[in-house]
Amino acid sequence: MKGLMMDYPLTLTHFLERAAKLFPRKEIVSQLPSGTHRYTYADLHRRARRLASALERLGVRPGDRVATFAWNHHRHLELYFAVPGLGAVLHTLNIRLFPDQIAYIVNHAEDKLIVVDDSLLPVLEKLQDKLQGVQGYVVMADGPLPETTLAPVYSYEELVEQGDEAYEFPRLDEDDAAIMCYTSGTTGNPKGCLYSHKALVVHTLVECLPDCLGLSERDVVMPIVPMFHVNAWGLPFAATLVGAKQVHPGPFLHPRDVAALIQQERVTITAGVPTIWIGLYELLKTERYDLSSLRGIIVGGSAVPKSLIEGFERDFGLQVVQAWGMTEMSPLGTVSRPKSHLEATLPEEELLELRAKQGIPAPFVELRAVDDQGREVPWDGRTMGELQVRGPWIIREYYHDPRTREAFDRGWFRTGDVVTIDPEGYIRIVDRTKDLVKSGGEWISSVELENAIMAHPKVLEAAVIAIPHPKWQERPLAVVVPKDEFKGQITKREILEFLSGKFAKWWLPDDVVFVERLPKTSVGKFDKKALRKQFESYTWPPREEEGAD
Ligand code: ADP
């Protein structure tokens, strides 16, 4: 027997229409090269409708892919609603990818139009010949359009101006595709994820819960995480749904710009990857800003150092909340907030350890960790396993990609992250499966060794990779960048002595090599793939052969 409910589709259009009706004067602020831009939800609604009608006139049809190549600002937000609203698919391109990857993605997604910031035109101009299927470029600029070799080219502002304000968004099916994102390609060519309206609506509702990101109409929300990085983690949608004021930093991501904008707009919730907040933390040590409005800094994308969580709280009274997610998960997976009984009973140091874990799953995210044989490992906080997830905003396949086959295990998505899960359900990411060192049938976490080495006062950065070994299958090699002032004054022995006592003996790297720099990916993570290639022909020093017992 089925329930007797109205047939009311869960689509993103409702977010915009609700905000315009109930919070028409609430502000949306964007920091543009031409200055601070301010308007309201009523303006957003009006311009998004005009834009949608203009895009239809340009030939955009339901299901067509419309790409963006842009920073965070009000125009990008208009596209977030106009494109899915008319039944097309918004494809947010990562402006920091290598040019060849951008071309691969545009062609793979078969993007019909690309809407681009004028400041980013040069990147696309160089790629133009490779983008065969693109039928036009729409340029977002504050003043007159700059000269460009792209063709045909349209002015975004002219399209909005000529659009029809009486346009009404069509009724859509909630299972229709709304947005498309590609992974950042740390493991080969980027893979496409195609999110439905329903998935994004349910994701947004859960994200707003108090124990997840906890958003309310009273908040002032500033995503520093780019709108091209998994929908800025869903924050523009969440802020619109609840009717919160939004602040978008445009291309201004220097810690000083971020601090000034928080102060000026009285931001209450902001979010981004650890490097942004490490920069802000360093700045706040020497310059004064009034950040008293801030009640939460959401950090994710890579592991959040314990010292950062502790430092922000101790030195500036600011709360850092860690979240974990993936492009394949729209992206929210877990959030790390201590449960109330743990907060009441655990000593400070253990609470900090807990907050440095990646957290417990959000409602509707199911997770498990499995070993080499596909058996679920116990939630004991010790046993490592590969994390697998399922839920309503997790993809069931990659867009037109045979790599789907190896990404799923009996209905569960294989995250490629290796974790432990404690009895309270908190996960801790210890590594990615492909970066683990598999030594004599045991697993060694490259991430834990790296973090320990990076705590050495003479070390700037360190990465640990697996190198084939005749006896143990693989052994860890540490690749270390010394701080400038210690170049040539740091030895392998010092590093190994620093690590001994912190790990079982068989975990210790068999060799330590010093380099000038480590390769990084487009989103600033260590590029282990490139590093492994760099050390392809590395051979273990002879006396280390007996190494690891
Ligand atoms: P990519 O996988 O291409 O790097 P994503 O942005 O989808 O791009 O990154 C997802 C991965 O980032 C996760 O699988 C995980 O390894 C890592 N990650 C995300 N958040 C965290 C976090 N809080 N702690 C540790 N790792 C994280």
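Let me begin by describing the structure that accompanies this report. (Residues numbered from 1 in each chain as written. Predicted model: local features only at pLDDT ≥ 70, side-chain atom pairs only at ≥ 80, totals over all residues. Heavy atoms only, no water.)

On to the side chain of Gln 246. Positionally, Gln 246 belongs in strand 11 (residues 245–248). The exposure class assigned to Gln 246 is buried, which follows from its relative accessible area of 1%. Apart from residues lying up to four places away in sequence, Gln 246 is in contact with Glu 27, Ile 28, Val 29, Tyr 41, Leu 77, Val 221, Pro 236, Ala 239 and Thr 240. (Helix = DSSP H or I, 4+ residues; strand = E, 2+ residues; numbered from the N terminus. Buried < 20%, exposed > 50% of the residue type's maximum accessible area, 1.4 Å probe, protein only. Contact = heavy atoms within 4.5 Å.)

A word on the state of the cysteines. Counted according to the given criterion, the structure contains 0 disulfides. Considering cysteine sulfurs only, Cys 193 is the nearest to Cys 181, which forms no disulfide, with 7.3 Å between them. Residue classification places Cys 181 among the buried positions, given a relative accessible area of 1%. Unpaired in this structure, Cys 208 has its nearest cysteine sulfur neighbour in Cys 212, at a distance of 9.3 Å. Taking the relative accessible area as the measure of exposure, Cys 208 reaches 12% and is therefore buried. (Disulfide = S-S within 2.5 Å.)

Let us look at the side chain of Thr 40. Positionally, Thr 40 belongs in strand 2 (residues 35–40). Given a relative accessible area of 17%, Thr 40 falls into the buried group. Non-local contacts of Thr 40, meaning those with residues more than four positions away in its chain, are made with Pro 24, Arg 25, Lys 26, Glu 27 and Ile 28.

So, on to the packing of helix 2 (residues 41–57) against helix 3 (residues 74–85). Axis separation between helix 2 and helix 3 bottoms out at 9 Å; the angle between their running directions is 60 degrees. The angle between the axes of helix 2 and helix 3 places the two elements in the oblique class. When you trace helix 2 past helix 3, the crossing you get is right-handed. For the pair helix 2 and helix 3, contact is made by Leu 44, Arg 47, Ala 48, Leu 51, Ala 52 and Leu 55 and by His 74, Arg 75, Leu 77, Glu 78, Leu 79, Ala 82 and Val 83, respectively. Of the residues belonging to the contact of helix 2 with helix 3, the class tally is 9 nonpolar, 1 polar and 3 charged. (Axes fitted to C-alpha atoms, helices over the stretch in contact; angles between N-to-C directions. Parallel < 35°, antiparallel > 145°, perpendicular 65-115°, else oblique. Left-handed = near helix turned anticlockwise from the far one by under 90°. Nonpolar A, V, L, I, M, F, W, Y, C, P; charged D, E, K, R; others polar.)

With that out of the way, let us pick up the environment of Val 138. By secondary structure assignment, the location of Val 138 is in strand 6 (residues 136–140). In this structure the C-alpha to C-alpha distance between Val 138 and Gly 501, which are 363 residues apart in sequence, comes to 59 Å. Every residue in contact with Val 138, bar those within four places of it in the chain, is listed here: Leu 58, Leu 113, Ile 114, Val 115, Val 116, Tyr 154, Ser 155, Tyr 156 and Leu 159.

On to the packing of aromatic side chains, then. For the coordinates displayed, the defined rule picks out 13 aromatic pairs. Measuring from ring centre to ring centre gives 5.6 Å for Tyr 281 and Phe 316, while their planes differ by 75 degrees; the resulting arrangement is edge-to-face. With Tyr 281 in helix 10 (residues 274–286) and Phe 316 in helix 11 (residues 306–316), this residue pair connects regions lying 35 residues apart in the sequence. Overall, the relative accessible area of 10% leaves Tyr 281 in the buried class. (Phe/Tyr/Trp six-rings, centres within 6.5 Å; stacked < 30°, edge-to-face > 60°.)

As a further point, take the pattern of salt bridges. Counting across every chain of the model gives 46 salt bridges. Notably, a salt bridge pairs Arg 390 with Glu 366, separated by 3.2 Å at the nearest N-O pair. Here the residue Arg 390 occupies a position in strand 18 (residues 385–390), and Glu 366 occupies one in strand 17 (residues 366–370), the gap between them amounting to 24 residues. For Glu 366, a relative accessible area of 41% gives the class partly exposed. Two residues, Glu 516 and Lys 487, come together in a salt bridge whose shortest N-O distance is 3.9 Å. Within this pair, whereas Glu 516 is found in the loop between strand 26 (511–514) and helix 17 (528–534), its partner Lys 487 is found in the loop between strand 25 (473–482) and helix 16 (492–499), the two being separated by 29 residues in sequence. Judged by its relative accessible area of 59%, Glu 516 falls in the exposed class. Look at Lys 487 and you get partly exposed, because its relative accessible area is 34%. When salt bridges with common partners are traced through the structure, they connect Arg 47, Arg 75, Glu 78, Asp 142 and Glu 157 into a single cluster. (Salt bridge = Lys/Arg side-chain N within 4 Å of Asp/Glu carboxyl O.)

Another aspect to go through is the environment of Lys 306. Examined against the element boundaries, Lys 306 turns out to sit in helix 11. With 48 residues separating them along the chain, Lys 306 and Leu 354 place their C-alpha atoms 9.5 Å apart. Residues contacting Lys 306, with those up to four places away along its chain left out, are Glu 349, Leu 352, Glu 353 and Ala 356. Separated by 2.7 Å, the side chains of Lys 306 and Glu 353 make a polar contact. (Polar contact = N/O pair within 3.5 Å; in protein donor to acceptor, adjacent residues only side chain to side chain.)

The subject of this paragraph is the pairing of strand 6. With 5 of 5 residues buried, strand 6 lies mostly within the body of the structure. In strand 6, alternate side chains face the same way, and those of Gly 136, Val 138 and Met 140 on one face and Tyr 137 and Val 139 on the other are all buried. In the sheet, strand 5 (residues 111–117) pairs with strand 6 via 5 bridges, with the strands oriented parallel. Note on strand 6: the bridge partner recorded for Ile 114 is Tyr 137. Note on the crossover from strand 5 through helix 5 (residues 121–127) to strand 6: the handedness is right-handed. Inspection of the sheet shows strand 6 paired to strand 7 (residues 153–155) by 3 bridges, in the parallel sense. The residue bridging Val 138 from the neighbouring strand is Tyr 154, located in strand 7. (Pairing = 2+ DSSP bridges. Right-handed = clockwise from strand over helix to strand, strands pointing away.)

Let us look at the sheet that holds strand 6. Judged by pairing direction, the sheet is mixed, and its 7 strands sit side by side in the order 7-6-5-3-4-8-9 without closing on themselves. Unpaired on one side and paired on the other, strand 7 and strand 9 (192–196) mark the two borders of the sheet. With strand direction ignored, the average angle separating the axes of adjacent strands in the sheet is 25 degrees. The pairing of strand 8 (residues 177–182) with strand 9 spans 5 bridges and is classified as antiparallel. Among the inter-strand pairings, Ile 179 is bridged to a residue of strand 9, identified as Tyr 195. The strands that helix 7 (residues 197–207) touches are strand 8 and strand 9; relative to strand 9, the one it contacts most, it runs at about 75 degrees.

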